[in-house]
Every structure is written in C-alpha cells, then in structure tokens.
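# Summary of structural features
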Amino acid sequence: MKRKQRDAAFARATFYILVCATLALVSAEFSNAQGNSYERTFPQSKPMVEKALRGIESRLAGHLPVLDGFAVPGDHSLDRYQRAYYQSTVQVIPTHAGGSLVRVSTKVTAWYR
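Predicted model, so just to flag it, every value in this text is computed and none were measured.

### Examining the side chain of Ser88
For Ser88, the position within the fold is in strand 3 (residues 81-94). We classify Ser88 as buried; its relative accessible area is 7%. In this structure the side chain of Ser88 is engaged in a polar contact, spanning 2.7 Å, whose partner is the side chain of Thr106.

### Let's talk about the pattern of salt bridges
Applying the stated criterion to the full structure yields two salt bridges. Here Glu39 makes a salt bridge to Arg103, at a shortest N to O gap of 2.7 Å. Here Arg103 lies in strand 4 (residues 100-112) and Glu39 lies in strand 1 (residues 35-42), a separation of 64 residues in the sequence. The partly exposed category is assigned to Glu39, whose relative accessible area is 41%. Of the charged contacts, one joins Lys46 and Glu50 as a salt bridge, the two residues approaching to 3.8 Å between their closest N and O atoms. Separated by four residues within a single helix, Lys46 and Glu50 lie in helix 2 (residues 46-54), roughly one turn from each other. Residue Lys46 is classed as partly exposed on the basis of its relative accessible area, which comes to 30%. For Glu50, a relative accessible area of 30% corresponds to the partly exposed category.

### Notes on the confidence of the model for the protein
With 69% of its residues at a pLDDT of 70 or more, the protein shows a mean pLDDT of 77. Here helix 1 (residues 2-27) is the element of the protein with the lowest mean pLDDT, 61, and strand 2 (residues 61-63) is the one with the highest, 91. Note on residues 26-34: pLDDT under 50 across the span, and 31 contacts to partners over four residues away in sequence or across chains.

Conventions adopted
Residues numbered from 1 in each chain as written. Predicted model: local features only at pLDDT ≥ 70, side-chain atom pairs only at ≥ 80, totals over all residues. Heavy atoms only, no water. Helix = DSSP H or I, 4+ residues; strand = E, 2+ residues; numbered from the N terminus. Buried < 20%, exposed > 50% of the residue type's maximum accessible area, 1.4 Å probe, protein only. Polar contact = N/O pair within 3.5 Å; in protein donor to acceptor, adjacent residues only side chain to side chain. Salt bridge = Lys/Arg side-chain N within 4 Å of Asp/Glu carboxyl O. pLDDT = per-residue confidence, 0-100. Contact = heavy atoms within 4.5 Å.

This is the structure we're talking about:
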C-alpha cells in the first residue's frame, strides 16, 4: 500500500513539474507560428515519466484567450490576431544515469484578420 501511495505522490509531483515547465514554455515570448523548446532532466525512469505525462495529455494543447504575453508583436499589432492556439509536444529520452530528459516544444498559432 505504501508503494502505491509513494507512486501516486510521485505522479502528482511530476505532473505539477511538467505542467509548470509547459506553462513556462508557453508563456515565454514566441513569434507567431514559431516554436521553441524547453528541456529538463528528471531522476525517474522513462516509463515512470511517460506514465505521469499520460495524465496531462489533454493540457498539452488548447486555445489561448489572448496573445499578449505569449507572442512577440511583429509588424502587425497582436490585437489583429484571433483564434490563438497552442500545441505542445513532449519527447522523453532516457539518460545514461537511468533518469529521463524531457523536452517540451510548443507552437503558438493565430489567424490574422
């Protein structure tokens, strides 16, 4: 029973870490339709990290209420863009030490009117 509790606590902690990493990435400055990536190494094995990631798959893409703070204004004002959307992809790579490198890439797109 204690192992299940420990695994559940690990899954929750990993979930919050990955959500924070994703949000940090999404809130970083992006140009329209350009992506960026963020990576971090975790001491947990690849299967454990992938298991935790399955719990947040639905949060890896969605609509943005505004582009302010998520995109860098270019030649056009950000208020002329609509239907802002972000989509993140996550890649888990095992490390030699038995841990995992998690790479999150996020693409922000919007329609120009």
